[in-house]
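As a plain string of letters, each chain reads:
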Amino acid sequence: MTSVTVVGAGVFGASTARELARRGHDVSLIEQYTPGSVRSGSGGDTRLSRAAHGDVDWYTHLSQRARTLWLELQEETGTQIWEPVGVAWFAQTDNGFEAQSRRTLEAAGVACEWLSPDDARGLYPSLAVDDLSAVLYEPDSGVLYARRATQLLVEDGLRHGVRLETRAASVADAPPADIVVWACGAWLPKLFPEHVELRISRRDVFFFGTDGSWSGTPGFCDYDAPFYGHGELGGLGAKVAPDVPGAEIDPDRLDRLPLPSLEQAARAYTAKRFPSLADAPIVGSRVCQYELTGDTHFLFAQHPGRDSWWLLGGGSGHGFKHGPALAEYVADCVEGTREPEPFHALGPRTGNAGLRTAAVG
Ligand SMILES: Cc1cc2nc3c(=O)[nH]c(=O)nc-3n(C[C@H](O)[C@H](O)[C@H](O)COP(=O)(O)OP(=O)(O)OC[C@H]3O[C@@H](n4cnc5c(N)ncnc54)[C@H](O)[C@@H]3O)c2cc1C
């Protein structure tokens with residue numbers, strides 16, 4: 001049995017600790033705040049789970065494996081974490097991210113429909129389609145209750161023998177385990193400034209009050225707008241989030257109050273795309289952060305100076321859905337039965353794979 005310490009109880013760390021414990025390892029999980037803290041990337045109310053990732057099928061396959069594992073976790077624990085509402089991509093051109101994704105999904109055997117704008121109208125109580133050329137609809141995708149799901153992963157990990165410690169781990173006083181996985185989200189560059197290049201960028205999310213007709217409508221991504229969100233779920237309201245570049249922030253120090261300029265942008269987008277919500281009140285908001293790699297591929301690699309340390313992060317605004325499946329990959333690499341992918345390596349990244357719900361940083 002190998003002793004493993006995982007630092008960070010966000011979705012990456014919690015999934016990894018649980019997976020390694022299920023494989024029989026002796027696992028500790030260290031978290032500086034609480035699992036699912038709203039200061040962590042995994043502490044949001046909801047996260048979209050979609051299969052489309054342009055032409056990068058590695059993440060399409062990972063998302064499908066993760067979907068299976070999320071549904072198993074939900075079934076095993078009897079706690080709802082998944083909303084089976086589907087996800088719709090509003091395509092403004094015929095040859096963009098959505099068309100690329102359609103080809104990838106069809107090749108991978110993932111259910112999808114390429115809807116005309118008129119046919120897509122029926123997905124929502126009101127949808128403006130004048131500027132759309134099509135809608136890519138993923139009927140089997142959905143939305144995860146993220147904070148709840150993260151906490152559930154930890155609780156299930158504890159049932160499999162994981163020990164949870166509440167403290168901040170440091171490199172100077174590192175955990176003495178055989179293997180240490182540093183899954184520290186936006187805090188990774190603070191711990192390893194010489195090895196990790198991540199841009200920690202604020203993101204504001206808004207929830208609009210709706211009537212019951214918006215309950216259970218699909219999640220959506222408007223890649224070229226760029227906005228994403230979902231209909232009314234779990235009493236939260238309909239989520240509308242601008243995916244525009246945000247200021248660099250310190251995740252420990254940030255006041256989590258939304259910016260008026262982004263509130264205006266969310267109101268304007270909502271009025272334009274979903275006209276019947278033009279006068280809907282904002283009933284909630286969240287401010288969180290992305291930890292962006294240069295090309296939006298994740299980061300997973302051995303520490304250059306210590307083979308027994310692994311650095312895991314760079315979720316780049318699209319990591320949540322993959323958690324449990326990513327953990328299988330991480331556990332395989334830690335156990336030495338698989339090599340980490342070169343596109344997850346440390347060091348400078350070139351290009352932009354465009355894997356999150358917008359093309360720009
Ligand atoms: C607004 C927003 C919307 C998003 N939408 C989606 C979406 O729709 N779909 C999707 O799949 N993904 C989405 N994402 C991305 C996804 O949420 C993240 O990629 C993912 O949650 C990152 O998880 P993580 O475990 O790497 O990091 P985190 O969740 O940030 O967890 C890191 C944890 O490590 C702890 N920690 C750090 N340093 C230490 C230390 N020294 N000692 C102890 N503990 C430490 C922190 O306290 C934290 O709890 C979104 C992100 C944001 C912010």
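This section reports on the structure supplied with the text. All values derive from a computational prediction rather than experimental measurement.

## As for the site of the ligand
- Around the ligand sit 36 residues, and of these Glu31, Gly41, Ser42, Leu48 and Lys321 come closest.
- Gln32 places a side-chain nitrogen or oxygen 2.9 Å from an oxygen atom of the ligand.
- Between the ligand and the protein, one listed contact pairs an oxygen atom with a backbone N or O atom of Leu48 at 2.8 Å.
- Bound to the protein, the ligand loses 98% of the 1,000 Å² it would expose on its own.
- The element that contributes the greatest number of residues to the shell around the ligand is strand β15 (residues 282-292), accounting for four residues.

## Focus: the side chain of Thr296
- For Thr296, the location among the structural elements is in the loop between β15 and β16 (299-303).
- Engagement of the side chain of Thr296 in a polar contact is seen with the backbone nitrogen of Leu355, the distance being 3.1 Å.
- Filtering out sequence-adjacent residues up to four positions away, Thr296 remains in contact with Ser316, His318, Asn352, Ala353, Gly354, Leu355 and Arg356.

## Examining the sheet that holds strand β4 (residues 82-83)
- Overall, antiparallel pairing links the three strands, which are arranged β3-β8-β4 in an open sheet. The sheet is open, and its two borders are formed by β3 (46-49) and β4, each paired with just one other strand.
- Helix-sheet contacts for helix α5 (residues 146-159) involve β3 and β8 (142-145), and the interaxial angle to β8 is about 60°.

## A word on the pairing of strand β10 (residues 179-182)
- In β10, alternate side chains face the same way, and those of Ile179 and Val181 on one face and Val180 and Trp182 on the other are all buried.
- As paired elements, strand β1 (residues 3-7) and β10 share four bridges and run parallel to each other. Residue pairing across strands places Val4 opposite Ile179, the latter belonging to β10.
- Of the pairings in the sheet, the one linking β10 to strand β17 (residues 306-313) comprises three bridges and is parallel in character. Paired with Trp182 across the bridge in β17 is Leu311.

## As for the packing of helix α1 (residues 11-22) against α5
- Running from amino to carboxyl end, α1 crosses α5 at an angle of 25°, the nearest separation of the two axes being 9 Å. Viewed along their axes, α1 and α5 adopt a mutual orientation that is roughly parallel. Viewed along their axes, α1 and α5 form a crossing whose handedness is left-handed. From α1, Val11, Ala14, Ser15, Arg18 and Arg22 reach across to α5, where they touch Thr150, Leu153, Val154, Asp156 and Gly157.
- Of the residues in the contact of α1 with α5, the class split is four nonpolar, three polar and three charged.

## Points about the packing of helix α2 (residues 57-77) against helix α3 (residues 97-108)
- Between α2 and α3, whose axes approach to 10 Å, the crossing angle comes to 55°. One finds that α2 runs oblique with respect to α3. Considering only the axes of α2 and α3, their crossing is right-handed. Between α2, through Asp57, Thr60 and His61, and α3, the contact on the second element is made entirely by Thr104, Leu105 and Ala108.
- A breakdown of the residues in the contact of α2 with α3 according to their chemical character gives two nonpolar, three polar and one charged.

## Regarding the sheet that holds strand β5 (residues 87-91)
- The eight strands are arranged β6-β7-β5-β12-β13-β14-β11-β15 in an open sheet whose pairing can be described as mixed. The open sheet has two free edges, formed respectively by β6 (113-115) and β15, since each of these has just one partner strand. Averaged over all pairs of adjacent strands, the angle between their axes in this sheet comes to 20°, without regard to strand direction.

## Let's talk about the pattern of salt bridges
- Counted by the stated rule, this structure contains 27 salt bridges.
- As a salt-bridge pair, Lys272 and Asp131 come within 3.3 Å of each other at their nearest N and O atoms. With Lys272 in helix α7 (residues 260-273) and Asp131 in the loop between α4 (117-120) and β7 (134-138), the pair connects residues that are 141 residues apart, well separated along the chain.
- Note that Asp222 is salt-bridged to Arg273, the shortest N-O span being 3.0 Å. In this pair, Asp222 sits in strand β12 (residues 219-222) while Arg273 sits in helix α7, placing the two residues 51 residues apart along the sequence.
- Residue classification places Asp222 among the buried residues on the basis of a relative accessible area of 0%.
- The structure contains a network of salt bridges with shared partners spanning Glu19, Arg23, Asp332, Glu335, Arg338 and Glu341.

## Observations regarding the nonpolar core
- Counting 44 residues, the largest nonpolar core has Val6, Val27, Trp70, Val181, Leu312 and Leu326 as its most contacted members.
- Every element with two or more residues in this core is listed here: β1, α1, β2 (26-31), α2, α5, β10, β17 and α8 (323-335).
- Each residue touching Leu312, except ones within four places of it in the same chain, is listed here: Phe12, Thr16, Val181, Trp182, Ala183, Cys184, Leu188, Leu299, Phe300, Leu326 and Val330.
- Judged by nonpolar contacts, the second largest core, of 23 residues, contains Leu115, Leu123, Phe206 and Leu277.

## Topic: the side chain of Arg356
- By secondary structure assignment, the location of Arg356 is in the segment after α8.
- Within the structure, the side chain of Arg356 is placed 2.7 Å from the side chain of Asp243, a separation counted as a polar contact.

## Observations regarding the environment of Arg199
- One can find Arg199 in strand β11 (residues 199-208).
- Residue Arg199 is classed as partly exposed on the basis of its relative accessible area, which comes to 30%.
- Spatially, the C-alpha atoms of Arg199 and Ile249 are 8.9 Å apart, while their sequence positions differ by 50 residues.

Rules used in this analysis
- Residues numbered from 1 in each chain as written.
- Predicted model: local features only at pLDDT ≥ 70, side-chain atom pairs only at ≥ 80, totals over all residues.
- Heavy atoms only, no water.
- Near = heavy atom within 4 Å.
- Polar contact = N/O pair within 3.5 Å; in protein donor to acceptor, adjacent residues only side chain to side chain.
- Areas by Shrake-Rupley, 256 points an atom, 1.4 Å probe, with all protein chains shown as cover.
- Helix = DSSP H or I, 4+ residues; strand = E, 2+ residues; numbered from the N terminus.
- Contact = heavy atoms within 4.5 Å.
- Pairing = 2+ DSSP bridges.
- Axes fitted to C-alpha atoms, helices over the stretch in contact; angles between N-to-C directions.
- Buried < 20%, exposed > 50% of the residue type's maximum accessible area, 1.4 Å probe, protein only.
- Parallel < 35°, antiparallel > 145°, perpendicular 65-115°, else oblique.
- Left-handed = near helix turned anticlockwise from the far one by under 90°.
- Nonpolar A, V, L, I, M, F, W, Y, C, P; charged D, E, K, R; others polar.
- Salt bridge = Lys/Arg side-chain N within 4 Å of Asp/Glu carboxyl O.
- Core = buried A, V, L, I, M, F, W, Y, C linked by side-chain atoms within 4.5 Å.

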